[in-house]
Amino acid sequence: MASTADIRNGVVLNMDGQLWAVTDFQHVKPGKGGAFVRTKLKNVVTGKTVDRTFNAGAKIETENVDRQDFQYLYADGDSYVFMDVSDFDQLTVSNVVVGEASNFLLENQNVTIALHNGNPLYVELPASVVLEITYTEPGLQGDRSTGGTKPATVETGFQIQVPLFLEQGTKVKVDTRTGDYLGRVN
């Protein structure tokens, strides 16, 4: 057991049998009444975000979550196989745990996997990845006042919006949190 003074960004709390990661916190001390801690919590399994307020000094239950570096090897049916870069052990992770990260996974890519008692909770990707455009329609310049976009399919099969001047075979940088096009890579 810990108290609300131990709340920091990244700390994982066990509330009602579920694991919640603290994404934001603020210690508030109003002029009248007792102090409290306002937090924004994200469920590590479902990704749901909630706001929760704790009275100062209240007891909370923290959980130990290990973040380890893994390398993505290959997809095996509806699961993904990763290799621990420190001891070369392989870990199979279900597609439910990988979630949206599967849209940006390339073989031999390094990722961070959060483990709780040996069970994978979620996969963290780098902020951006470089992917090659495998299919896109030719961009036609027309009469518009702002730069247009068109859909493009990248090598993982994910579809993003890119500027009209990009062609098939171009490498682009993609934000893994939003799926947005960030720029060309030479």
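- Per an unreviewed UniProt entry, the recorded name for the protein is Elongation factor P, and the organism is Cryobacterium glucosi.
- According to the UniProt record, the Pathway (unreviewed entry) comment for the protein is "Protein biosynthesis; polypeptide chain elongation."
- In the Function (unreviewed entry) part of its UniProt record, the protein is described as follows: "Involved in peptide bond synthesis. Stimulates efficient translation and peptide-bond synthesis on native or reconstituted 70S ribosomes in vitro. Probably functions indirectly by altering the affinity of the ribosome for aminoacyl-tRNA, thus increasing their reactivity as acceptors for peptidyl transferase."

**Examining the UniProt feature "domain: Translation elongation factor P/YeiP central" (unreviewed entry) in the protein**
- Here the UniProt-annotated "domain: Translation elongation factor P/YeiP central" (unreviewed entry) positions come out as residues 67–121.
- This span, residues 67–121, is 7% helix and 56% strand, and a straight line between its end C-alpha atoms measures 10 Å.

**Looking at the pairing of strand β2 (residues 12–15)**
- Note that β2 and strand β3 (residues 18–28) share 4 bridges and pair antiparallel. Bridging across to β3, Leu 13 finds its partner in Trp 20.
- Linkage of β2 to β3, two consecutive antiparallel strands, is achieved through a turn of 2 residues, within which Asp 16 is found at a positive phi near 55 degrees.
- Examined bridge by bridge, β2 and strand β7 (residues 62–63) share 2 bridges and lie antiparallel to one another. Bridge pairing in β7 links Val 12 to Glu 63.

Calculation rules
Residues numbered from 1 in each chain as written. Predicted model: local features only at pLDDT ≥ 70, side-chain atom pairs only at ≥ 80, totals over all residues. Heavy atoms only, no water. UniProt positions renumbered as here; feature names shortened; annotations may be inferred. Helix = DSSP H or I, 4+ residues; strand = E, 2+ residues; numbered from the N terminus. Pairing = 2+ DSSP bridges.

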